[in-house]
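# Working through the structure, step by step
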Amino acid sequence: MNAGGDPAPDATYGDPVLDLDRPVTDRLLLRTVPGAVDYLAEELRELPTAGIVGRRHDGVVIEFAGPLRDLAANRYYTTLAVLTADDAGIARSRESGALAAVPEPPRFRVGRLGERRWPLRDRLTASGWRNAPGDWDVNFEPDPEGTAAELGGMYWTSRFGELVRAPASTTPVIATVMLRLAKVQEGQRVLDPFCGAGTLLVEAARGGAGRLLGADHDRRWVRSTRENLAGAHPPVTLWRGDARALPLPDDHVDRVVANLPFGKRVGSHRGNTTLYPAALAEIARVLTRTGRAVLLTEDKRLFTETVQRTRGVRIVKQITFTTGGAHPSAYVVTTRRGR
Ligand SMILES: C[S@@+](CC[C@H](N)C(=O)[O-])C[C@H]1O[C@@H](n2cnc3c(N)ncnc32)[C@H](O)[C@@H]1O
């Protein structure tokens, strides 16, 4: 899906081959970024067709009875897998569970199953499945419960479409959590002064923002953001520029969302020691008096010390994620009344 807002109720999600409307009964694992599990669970509790039966550091296990479409619009998970203990479980799911939503013949791949790998491949092939490691619908991976059969059609990118990515682009699930923390209200102005390829602005476009503003000091990423926001409903203003000197008046934006340079892949800790104070001063200046910023970084001590030293802002919440070997935190920063 592009940035044009929520899909219409009858919209077809990414993978056209999955039968999303067939009612299925199954035990499913929805995997997400550690740090986002609470938000995923909260969304699932709203769903009458899902009952939460387990939580893991990176996912939620549910007993599900309904059409997969009920789960397709949820943006808080990356992969969905059928949990099966043995071959009988796979056969049952193929009959009446989520694997029944995969068209005939199901194309599969067997992942890191060790010595179970080749026997499973042979048994599946013998029962009519097609071994297609490069073009699969179902990927079998090991799981404490036995096997997790991931449905390719329920991957995040299959459901919502591929975005143009920058090397340090924000993980979409983290972007979803950050925008939830930002509490964007209908019609508000949302700024990302470190927009990269615009993942956070794409998410803001879905959340009812009235205007999107984005900047990056690298022209390439401004172009990528423009591409990712093509078709977005709210008006978009993008420019190449430095987050330390925003060309915006005081009290101009309601929300700021940004994935700051962590000082590892993007920038350096040394660079951040001057970048963070200058950028935070600008963020504090352009935010309205009821403004709110959600800022992601792994350079945490520097960030928290900088907020303490910046006039007019304070941290009210911190959520820590684990992603790609990093442990960044999203900080919710609000403006102090009477600044
Ligand atoms: C972590 S990335 C942002 C990723 C982005 N949220 C996305 O999903 O693609 C940080 C971005 O900040 C930009 N940047 C670094 N220093 C900057 C500065 N002083 N002013 C504006 N942009 C800057 C980098 O070019 C990079 O694209």
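Please refer to the structure higher up on the page.
Notes on the structure in this doc start here. (Residues numbered from 1 in each chain as written. Predicted model: local features only at pLDDT ≥ 70, side-chain atom pairs only at ≥ 80, totals over all residues. Heavy atoms only, no water.)

Taken together, the buried positions of helix α8 (residues 219–228) are W221, V222, S224, T225 and N228. End-on, the buried residues of α8 take up no more than an arc of 160°, which puts them together on one face. Away from the buried face of α8 by more than 90 degrees, exposed residues R219, R223 and E227 are located. Here the buried face of α8 lies against α7 (199–206), β10 (211–216) and β11 (236–240). (Buried < 20%, exposed > 50% of the residue type's maximum accessible area, 1.4 Å probe, protein only. Helix = DSSP H or I, 4+ residues; strand = E, 2+ residues; numbered from the N terminus. Arc of directions from axis to C-beta. Contact = heavy atoms within 4.5 Å.)

With that out of the way, let us pick up the site of the ligand. In the vicinity of the ligand there are 20 residues, among which S169, T170, A197, T199 and D216 approach most closely. T170 has a polar side-chain atom sitting 2.8 Å from a nitrogen atom of the ligand. Computed on the free molecule, the ligand has an accessible area of 600 Å², of which 95% lies beneath the protein chains in the complex. Judged by the fraction of its atoms near the pocket grid, the ligand is located in the largest pocket. Of the residues assigned to the shell around the ligand, the class counts are 10 nonpolar, 8 polar and 2 charged. (Near = heavy atom within 4 Å. Polar contact = N/O pair within 3.5 Å; in protein donor to acceptor, adjacent residues only side chain to side chain. Areas by Shrake-Rupley, 256 points an atom, 1.4 Å probe, with all protein chains shown as cover. 1 Å grid on protein atoms, 1.4 Å probe; cavity = no way out; pocket = protein on both sides within 12 Å on 5 of 7 lines; lining within 4 Å. Sits in = over half its atoms within 2 Å of the grid points. Nonpolar A, V, L, I, M, F, W, Y, C, P; charged D, E, K, R; others polar.)

Counted according to the given criterion, the structure contains 25 salt bridges. A salt bridge links R309 to E305, with the shortest nitrogen-to-oxygen separation between them at 3.9 Å. In this pair, R309 and E305 are both assigned in helix α10 (residues 300–309), 4 residues apart and thus about one turn of the helix distant. Note on R309: relative accessible area 65%, which makes it exposed. (Salt bridge = Lys/Arg side-chain N within 4 Å of Asp/Glu carboxyl O.)

The contact between helix α6 (residues 172–182) and α7 brings their axes to 9 Å, and the two run at 50°. What the angle tells us is that α6 and α7 run oblique. Where α6 crosses over α7, the two elements pack in a sense that is right-handed. When α6 is examined against α7, the residues P172, A175, T176, M178 and L179 are found in contact with a partner set consisting of T199, L200, E203 and A204. (Axes fitted to C-alpha atoms, helices over the stretch in contact; angles between N-to-C directions. Parallel < 35°, antiparallel > 145°, perpendicular 65-115°, else oblique. Left-handed = near helix turned anticlockwise from the far one by under 90°.)

Judged by pairing direction, the sheet is mixed, and its 7 strands sit side by side in the order β11-β10-β9-β12-β13-β15-β14 without closing on themselves. One side of each edge strand has no neighbouring strand; the edge strands of this open sheet are β11 and β14 (313–320). The sheet shows a mean angle of 15° between the axes of neighbouring strands, taken without regard to direction. Alignment of β10 against β11, held across 5 bridges, turns out to be parallel. By the bridge assignment, G214 is partnered in β11 with L238. Lying over the sheet, α7 contacts β9 (189–192), β10, β11 and β12 (253–259), oriented at roughly 180° with respect to β10. Of the strands in this sheet, β9, β12, β13 (287–297) and β14 touch helix α9 (residues 269–286), which is tilted by about 145° from β13. (Pairing = 2+ DSSP bridges.)

This part takes up the packing of aromatic side chains. The final tally for this structure, using the stated rule, is 8 aromatic pairs. Each residue in the set F108, W129 and F140 is aromatic and connected to the rest through ring pairs, giving one cluster. R159 extends its terminal NZ or CZ atom over the ring of Y77, reaching a point 3.7 Å from the ring centre. (Phe/Tyr/Trp six-rings, centres within 6.5 Å; stacked < 30°, edge-to-face > 60°. Lys NZ or Arg CZ within 6 Å of the ring centre and 35° of its normal.)

On to the environment of P234, then. Structurally, the position occupied by P234 is in the loop between α8 and β11. P234 sits in the buried class, given a relative accessible area of 6%. Separated by 23 residues in sequence, P234 and R211 place their C-alpha atoms 5.2 Å apart. Discounting residues that sit within four places of it in the chain, P234 has contacts with A205, A209, G210, R211 and L212.

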